[in-house]
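What follows is the residue order along each chain.
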Amino acid sequence: MSVINLLSPHVADLIAAGEVVERPASVIKELMENSLDAGAKNITVELRGGGIAYIRVTDDGVGMLPEDAGVAFLRHATSKLHDAEGLNKIGTMGFRGEALAAISGVSHIELTTRRRGTGEGVKVTLTAGEIDDMITCGCPEGTTMVVRDLFYNTPARLKFLKTDRSEASACTAAALRCALGHPEVSVRLIRDGQEEFFSPGDGRIDSAIYTLLGREAASSLLKCSCEDEGMSVRGYTSSPSAGRGNRSMQFFYCNGRYIKSQLLQTAVEQAYKNTLLTGRYPSCVLFLSIDLTSVDVNVHPAKTEVKFTNEKKVFDLVYRAVGLALSGESVTAKPELSPSTVKVSTPRADFFRTMSAQSFRENGYSAAKTAAPVMRAAESDYISKASSKASVDISVENSVDSVDNSADIPSVVFVTQKITPDTTSASAPSDETASELLPKKDGSAAISAETPVKLPVNAVDNSVESVENLYCPPYKIVGEAMKTYIIAESEGQLVLIDKHAAHERIIFDRLKADQGEISSQMLLIPVTVKPDGENAEIIEKNGALLYELGFEIEEFGADSFVIRSVPADMDAGDAAAALEEICEKLRRGKGLDAKSVRDEILHTVACKAAIKAGWDTEPQELDVLVKQVLSGKVKYCPHGRPVAVTLTKKELDKMFKRIV
């Protein structure tokens, strides 16, 4: 007796139903896609009991003739595919001819349809895939499909369904995805007698997003558009300040079909690198248009997975489209006010080594401040080589606060700068002059008040031209709140700037732009650390990378290391903590590429090097930060937090009840 049996058509349909119809949401997806393929301009979806008891989908599409309605529920019966060649260029939502057969096999179905331009329609009723009745009737043009008692004859599948509320939510999400992907079609969803959503069908993506996803989601989206080699990406992506805790608001469409694509998801999230808060995810609605022969949708029965002929080109196009949208974003984020502030007490060693020339107008500004007791040789070398378009008169102030003027530690020399127009293109000081800029151990300085020295306009990006070419609207610094937030007024708005976040971003961008070794400073007193076994192994294996990032670390005994140098911007007190964080990031980043690992480490370096909330900050330093933020050069810290929020006069008036 043969042990191999040929399954009956009914059993085969039940197996197919398990692949195509996983839950009521699958039914709604398949029926709506049929309506879209039929050219419908209006679709109404109704469901009760989570879609298990009742689903009705009505459209005004082309409809069916009686002879077509009779065979539509047979397996592999389709009007969208005629031969094998058609599989190479599928442009319709459906093509497999399995959905209606699978749905009818596990439910009771009532189909009412009328072909456009004909005088009468047809009504077909089915049970478990078998036609019970088929009669002519009067009905509107289009198709109405009613599905009742889903999975009534497959109790094994029925018991794995979730609650009615969960299934109804899944049905709503499925209908929303179809509606969002076709803004030219008006879709109405009615759930248990209540309208859930209604899309206008005006063909505009933004209005579809507004009506389907809500005003809050729509207000945070940035427009995307990019084309290349016959492919195009259009749609919207969210502002980094509107990051979400999951990816539920990411919608990808390929030639109008909703798809799940790890490739596109990664491309979008890579574009947000260093701007989105860690653990948060962007929202997006992106439409990819690509040649039909360059994509294969015949991968899975549910048709939500696709394969691209050239994945790299698709990845690059989506990455570029999102990156361009983010680069054109407005400077500040919407405020989320909170009464709490960070409680800190650590005094800073030093902040900017040179002041912005924009801070010194007309009569100059005194720059005396508390600073690190050692002026790095790298800084003096930088001052000697930097060039600018303004001459600076320098005079020496010999008073130093909080500095131990011992014989072994040089005093810090402070300067008062006064800007005068540079009518001649004077050259930078020679190396000999530069050497005289170094402070002497006895506290004196070989600097003449008449010695012309070129200082960079901005110590942050080391580029005079790039700063001067930035447009910065007129502004006034009102002050500083809680030693944490800079308060500025610009163009009728009150701008609150997180000075730590802004400075952290400035340092990170500068470090990232330097692809070579990062400048380091030798510590007067080396820092000894004793990591655990795993961290010790990481330090040993990544010694070259750490050296490239400005850390000089040597073994010191059996289980200890000594840190002799740290990145130039970092305070020695943060060296041990920074090294521990870097080890953790190297441990987590085993699957990342070298560039991503380097960026993660630079996050730590920038964070430790930046000024902290609670530190005293000089007016000149505040001016540098405000200019960078208002010009749009600095928007988010490397972890994705906004560096500034704005309050308009209208918003303030509402807070004080001056207006309603």
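In this text, all values refer to a predicted model and were calculated from it rather than measured experimentally.

**Student:** Mind showing me how you'd approach the overall build of the chain here?
**Tutor:** Helix and strand content of the chain: 20 helices and 25 strands. Across the 660 residues that make up the chain, the buried fraction comes to 46%. Restricting the contact set of the chain to residue pairs at least 6 apart, pairs at least 24 apart contribute 71%. With an accessible surface of roughly 32500 Å², the chain has 51% of that area assigned to carbon and sulfur atoms.

**Student:** For this particular structure, what's the right way to read the confidence of the model for the chain?
**Tutor:** Keep in mind that low pLDDT regions are not for reading the predicted coordinates in detail. This prediction gives the chain a mean pLDDT of 76; 71% of its residues lie at or above 70. Note on residues 331-467: pLDDT is under 50 here. Beyond four places in sequence and across chains, it has 224 contacts.

**Student:** Could you clarify how one ought to interpret helix H6 (residues 164-181) in this entry?
**Tutor:** Three or four residues apart is the spacing at which side chains of an α-helix point the same way, because the helix has 3.6 residues per turn. Here H6 spans 26 Å end to end across 18 residues, near enough to the 26 Å set by a 1.5 Å rise per residue. Taken together, the buried positions of H6 are Glu-167, Ala-168, Ala-170, Cys-171, Thr-172, Ala-174, Ala-175, Leu-176, Cys-178, Ala-179, Leu-180 and Gly-181.

**Student:** Explanation requested: the sheet that holds strand E9 (residues 221-228) in the structure shown.
**Tutor:** Where strands meet in a sheet, backbone hydrogen bonds hold them as pairs that are either parallel or antiparallel. In spatial order, the strands read E9-E10-E13-E11-E12; together these five strands make up an open sheet with mixed pairing. Bordering the open sheet on either side are E9 and strand E12 (257-259), each of which pairs with just one other strand. When the angles between neighbouring strand axes are averaged without regard to direction, this sheet yields 20 degrees. Strand direction decides the pairing type here: strand E11 (residues 250-254) and E12, joined by three bridges, are antiparallel.

**Student:** Would you mind going over helix H19 (residues 619-630) with me for this structure?
**Tutor:** When the terminal C-alpha atoms of H19 are compared, their 16 Å separation across twelve residues agrees well with the 16 Å that a helix rising 1.5 Å per residue should span. Extensive coverage of H19 is indicated by the burial of eleven of its twelve residues. Regarding H19, the residues found buried are Gln-620, Glu-621, Leu-622, Asp-623, Val-624, Leu-625, Val-626, Lys-627, Gln-628, Val-629 and Leu-630. Immediately downstream of H19, the backbone of Gly-632 shows phi near 95 degrees, a positive value.

**Student:** Can you help me understand the packing of aromatic side chains in this one?
**Tutor:** Any pair of aromatic rings gets described here by the distance separating the centres and the angle formed by the planes. One pass over the structure, following the stated rule, counts three aromatic pairs. Plain terms: the ring middles of Tyr-253 and Tyr-258 are 5.7 Å apart, the flat faces sit at 65 degrees to each other, and that makes the pair edge-to-face. Take Tyr-253 and Tyr-258: they sit in the same class, and that class is buried. Grouping aromatic residues by their ring pairs yields a cluster made of Tyr-253, Tyr-258 and Phe-287. The ring of Tyr-54 is capped by Arg-48, whose NZ or CZ atom sits 3.9 Å from the centre of that ring. Here the guanidinium or amino end of Arg-234 rests over the ring plane of Phe-287, the centre of that ring lying 5.3 Å away.

**Student:** For this particular structure, what's the right way to read unusual backbone geometry?
**Tutor:** Located in the positive-phi region is Ala-128, a residue other than glycine, with phi close to 50 degrees. With respect to the secondary-structure elements, Ala-128 resides in the loop between strand E4 (121-127) and strand E5 (130-137). The backbone of Glu-229 sits at a positive phi, close to 50 degrees, despite the residue not being glycine. Among the residues examined, Glu-229 registers a relative accessible area of 55% and is labelled exposed.

**Student:** Please clarify how the packing of helix H9 (residues 262-271) against helix H10 (residues 311-327) should be interpreted in this entry.
**Tutor:** A pair of packed helices is characterised by two quantities: the angle between their axes and the separation of those axes. At a minimum axis distance of 8 Å, the contact between H9 and H10 shows a crossing angle of 35 degrees. Taken as a pair, H9 and H10 cross one another with a handedness that is right-handed. Taken together, the residues of H10 that come into contact with H9 (itself represented by Leu-263, Leu-264, Thr-266, Ala-267, Val-268, Gln-270 and Ala-271) are Glu-311, Val-314, Phe-315, Val-318, Tyr-319, Val-322, Gly-323 and Leu-326. Split by residue class, the contact of H9 with H10 holds eleven nonpolar, three polar and one charged.

**Student:** Looking at this structure, I do not really get the pairing of strand E7 (residues 186-191). What am I missing?
**Tutor:** Here strand E1 (residues 42-48) runs beside E7; their pairing, made up of six bridges, is parallel. Paired with Ile-43 across the two strands is Val-187, which belongs to E7. Where E7 hands over to strand E8 (residues 194-198), the hairpin turn is made up of two residues, of which Asp-192 adopts a positive phi near 50 degrees.

**Student:** Mind showing me how you'd approach the environment of Lys-512 here?
**Tutor:** Following the sequence through the fold, Lys-512 ends up in helix H14 (residues 499-513). According to the relative accessible area criterion, Lys-512 is partly exposed, its value standing at 26%. With 83 residues separating them along the chain, Lys-512 and Lys-595 place their C-alpha atoms 9.9 Å apart. The contacts of Lys-512, once residues within four sequence positions are left out, are Asn-274, Lys-595, Asp-599 and Leu-602.

**Student:** How should I be thinking about the nonpolar core in this particular structure?
**Tutor:** Val-147, Leu-180, Leu-213 and Phe-251 are the most contacted members of the largest nonpolar core, which has 60 residues in total. Of the residues forming this core, the biggest block, nine residues, is contributed by H6. In contact with Phe-251, not counting residues within four places along its chain, are Leu-176, Arg-177, Leu-180, Leu-213, Tyr-258, Cys-284, Val-285 and Leu-286. Grouped together as the second largest cluster of nonpolar side chains are 31 residues, Cys-254, Leu-263, Leu-286 and Ala-321 included.

**Student:** So what exactly am I meant to see when it comes to the environment of Thr-484 here?
**Tutor:** On the secondary structure map, Thr-484 appears in the loop between strand E19 (476-481) and strand E20 (485-490). Taking the C-alpha atoms as reference points, Thr-484 and Lys-612, 128 residues apart in sequence, are found 7.7 Å from one another. Ignoring anything within four residues of it in the chain, the contact list for Thr-484 reads Ile-497, Asp-498, Lys-499, Ala-613 and Gly-614. Looking at Thr-484, its side chain comes within polar contact range of the main-chain oxygen of Met-482, at 2.9 Å.

**Student:** Looking at this structure, I do not really get the packing of helix H2 (residues 24-37) against H6. What am I missing?
**Tutor:** The geometry of H2 relative to H6 is characterised by a closest axis approach of 8 Å and an angle of 20 degrees between their N-to-C directions. When the axes of H2 and H6 are compared, the pair comes out roughly parallel. Seen along the crossing, H2 lies across H6 with a hand that is right-handed. Contact residues: H2 offers Pro-24, Ala-25, Ile-28, Lys-29 and Met-32, while H6 offers Glu-167, Ala-170, Cys-171, Ala-174, Ala-175 and Cys-178. Considered class by class, the residues forming the contact of H2 with H6 number nine nonpolar, no polar and two charged.

**Student:** I keep staring at the pattern of salt bridges and nothing clicks. Help me out?
**Tutor:** It is possible for side chains of opposite charge to pair when their charged atoms get near one another. A full pass over the atoms with the stated rule returns 23 salt bridges. Asp-616 is the salt-bridge partner of Lys-483, the closest N and O atoms lying 3.1 Å from each other. Of the two residues, Lys-483 sits in the loop between E19 and E20 while Asp-616 sits in the loop between helix H18 (594-609) and H19, which places them 133 residues apart along the sequence. With a closest N to O distance of 3.0 Å, Asp-653 and Lys-649 form a salt bridge. One end of the pair, Asp-653, and the other, Lys-649, are both in helix H20 (residues 649-655), four residues apart, so they sit about a helical turn from each other. The buried category is assigned to Asp-653, whose relative accessible area is 13%. Judged by its relative accessible area of 52%, Lys-649 falls in the exposed class. A single salt-bridge network, built from bridges that share partners, covers Lys-29, Glu-30 and Glu-33.

Thresholds, definitions, all that
- Residues numbered from 1 in each chain as written.
- Predicted model: local features only at pLDDT ≥ 70, side-chain atom pairs only at ≥ 80, totals over all residues.
- Heavy atoms only, no water.
- Helix = DSSP H or I, 4+ residues; strand = E, 2+ residues; numbered from the N terminus.
- Buried < 20%, exposed > 50% of the residue type's maximum accessible area, 1.4 Å probe, protein only.
- Contact = heavy atoms within 4.5 Å.
- Areas by Shrake-Rupley, 256 points an atom, 1.4 Å probe, with all protein chains shown as cover.
- pLDDT = per-residue confidence, 0-100.
- Expected span 1.5 Å × (residues − 1).
- Pairing = 2+ DSSP bridges.
- Axes fitted to C-alpha atoms, helices over the stretch in contact; angles between N-to-C directions.
- Phe/Tyr/Trp six-rings, centres within 6.5 Å; stacked < 30°, edge-to-face > 60°.
- Lys NZ or Arg CZ within 6 Å of the ring centre and 35° of its normal.
- Left-handed = near helix turned anticlockwise from the far one by under 90°.
- Nonpolar A, V, L, I, M, F, W, Y, C, P; charged D, E, K, R; others polar.
- Core = buried A, V, L, I, M, F, W, Y, C linked by side-chain atoms within 4.5 Å.
- Polar contact = N/O pair within 3.5 Å; in protein donor to acceptor, adjacent residues only side chain to side chain.
- Parallel < 35°, antiparallel > 145°, perpendicular 65-115°, else oblique.
- Salt bridge = Lys/Arg side-chain N within 4 Å of Asp/Glu carboxyl O.

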